Amino acid sequence: MTGSRPLRPRLRALRPEAFGADPSGARLERIRRSPNFADGVFQNPVGARNRPSGSMTEFAKIYFHREQRIRRSPGAPIPVHPTTLADLAKPPAGGLRLTWMGHSSVLAEIDGHRVLFDPVWGERCSPFPFAGPRRLHPVPVPLAALGEVDVVVISHDHYDHLDLPTIKALAGTATVFAVPLGVGAHLERWGVPADRLRELDWNESTSIAGLSLTATPARHFCGRGLRNQQHTLWASWVVAGEEHRIYHSGDTGYFPGFAEIGAAHGPFDATMIQIGAYSEYWPDIHMTPEEGMRAHLDLQGGAAHGTMLPIHWGTFNLAPHPWDEPGEGTLAAARGAGAAVALPIPGQPFEPGTEGAPAEAWWRPFVAGAAQAGPVDGPAAVPAHEAGGAAATAARVVSSAADGQEEPESVGS
């Protein structure tokens, strides 16, 4: 038996780089001391099933149904905002500006500082460059052209939130990384120096570049390798500047903790809330648009305060629902609640609470079977609304055609 032990380090050396690294040493000891770690794993604030439930036969019927497969991807090229860099060159008039780069990636400019949430610039959210869900629209701007970022915030270590090529590119900059407890092991393996890591447990805070960042609870799970040890934490995040407060949900199922987070840290000028990749087969770990709106209201003390930006949709095909359903559901939920919601085309900067914030269904012409399919070539291709919104953008839009090949979907996102 002892002769097999030397294989362990060799096997670890063969582990694909994209799988990251398991926490060890002082980091692992800190994890074991966490009040959120019990029975050898991190625990959710309330119970959650992190594997698909229900009949896999019924799930397969939905997955392979031809019409539903078609609806899971856009039927025409998705637009991205063509003047993102030029727009970002001007400081936000009110001190707060958000730019949704697609999925859960958001650049937040808050009180003179720049925060980049869950940056994913890779072509696929997968450990392999040849398989896995492929991007449905190009990134709005090259990462290298984005300029200096004060802090990169990571919500958890799933591939659609923690992207190896993106992190390796950012490792060569001076930015600081704020991550949940345990996630730092991945980043160190990928070249991020330990002195540029701020690794937090739930309800711990750190100060970076004049901003206060707090890791707050979420209802999800973790894991990148073949063996998911649940030794890396998942989190939502509160970022507070001198004048503004914002919240990023990461991935989460609905739970009562949103009201507690709001009471402790809110209200917020803007919330970025996960409303996509949900399913009745994994109801505990992702929210529907209706649940996302409920979470937004909870975070605001029950009032329709601030602006909600829906995230975690539109960029990757990760669930059985139609591609456009999260957007339509969010729009309906916002109208029902009387809440302000921002619905930007990827890469379109906006200032929450202003009249020019985009709030119309830009995606409708790009739905499979829509009357106006094909590339966007003028303002009429997108519903008209306030100046500076999708109608103005569509006249200058840059788009990339989907190749029609559906990739395997991912439950662990």
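Residues numbered from 1 in each chain as written. Predicted model: local features only at pLDDT ≥ 70, side-chain atom pairs only at ≥ 80, totals over all residues. Heavy atoms only, no water.

Asks: I tried to follow the pattern of salt bridges on my own but got confused; where do I start?
Replies: Applying the stated criterion to the full structure yields 9 salt bridges. Between Arg 27 and Glu 199 there is a salt bridge, with the nearest N and O atoms lying 3.0 Å from each other. Taken together, the positions of Arg 27 in helix α2 (residues 25-33) and Glu 199 in strand β9 (residues 197-200) put the pair 172 residues apart, joining distant regions of the chain. A single burial state applies to Arg 27 and to Glu 199, both of which are buried. Across the pair Asp 284 and Arg 49 runs a salt bridge whose closest N-O atoms are separated by 2.9 Å. Taken together, the residues Asp 284 in the loop between β14 (270-274) and α9 (289-299) and Arg 49 in the loop between β2 (41-42) and α3 (56-64) connect sequence positions 235 residues apart. Salt bridges here are not isolated pairs; linked through shared partners, they connect Arg 27, Glu 188 and Glu 199. (Salt bridge = Lys/Arg side-chain N within 4 Å of Asp/Glu carboxyl O. Helix = DSSP H or I, 4+ residues; strand = E, 2+ residues; numbered from the N terminus. Buried < 20%, exposed > 50% of the residue type's maximum accessible area, 1.4 Å probe, protein only.)

Asks: Explain the packing of aromatic side chains to me, please; I cannot follow it from the model alone.
Replies: When we look at a pair of aromatic rings, we describe it by the centre distance and by the angle of the planes. Tallying each qualifying case throughout the model produces 14 aromatic pairs. Arranged with centres 6.1 Å apart and planes meeting at 45 degrees, the rings of Trp 313 and Trp 362 form a pair that is tilted. Note that Trp 313 is positioned in the loop between β15 (307-311) and α10 (325-337) and Trp 362 in the loop between β16 (340-341) and α11 (390-394), a separation of 49 residues in sequence. No difference in accessibility class separates Trp 313 from Trp 362, as the two residues are buried. (Phe/Tyr/Trp six-rings, centres within 6.5 Å; stacked < 30°, edge-to-face > 60°.)

Asks: I would appreciate a short explanation of the confidence of the model for the protein in the present structure.
Replies: As a general rule, the predicted coordinates of low-pLDDT regions are not to be interpreted in detail. A residue-level look at the protein finds 81% of positions with pLDDT of 70 or above and a mean pLDDT of 86. In this model residues 1-7 is a low-confidence stretch, pLDDT under 50, and it forms 0 contacts with partners more than four residues away in sequence or in other chains. (pLDDT = per-residue confidence, 0-100. Contact = heavy atoms within 4.5 Å.)

Asks: Where do I start with the pairing of strand β6 (residues 113-117) in this structure?
Replies: Counting buried positions along β6 gives 4 out of 5 residues, so the element sits mostly inside the fold. As paired elements, strand β5 (residues 105-110) and β6 share 5 bridges and run antiparallel to each other. Across the sheet, Glu 109 pairs through a bridge with Arg 114, a residue of β6. Between β5 and β6, which pair antiparallel and follow one another directly, the connecting turn spans 2 residues, one of which, Asp 111, has a positive phi of 50 degrees. (Pairing = 2+ DSSP bridges.)

Asks: What's the story with helix α8 (residues 257-265) in this structure? I'm lost.
Replies: An α-helical turn contains 3.6 residues, so any two residues separated by three or four positions project in the same direction. For α8, the set of buried residues is Gly 257, Phe 258, Ile 261, Gly 262 and His 265. Buried residues along α8 cover an arc of 145 degrees about the axis, so they all sit on one side. Turned more than 90 degrees away from the buried face of α8 sit Glu 260, Ala 263 and Ala 264, all of them exposed. Buried residues belonging to α8 abut β11 (211-216), β12 (236-240), β13 (245-248) and α9. (Arc of directions from axis to C-beta.)

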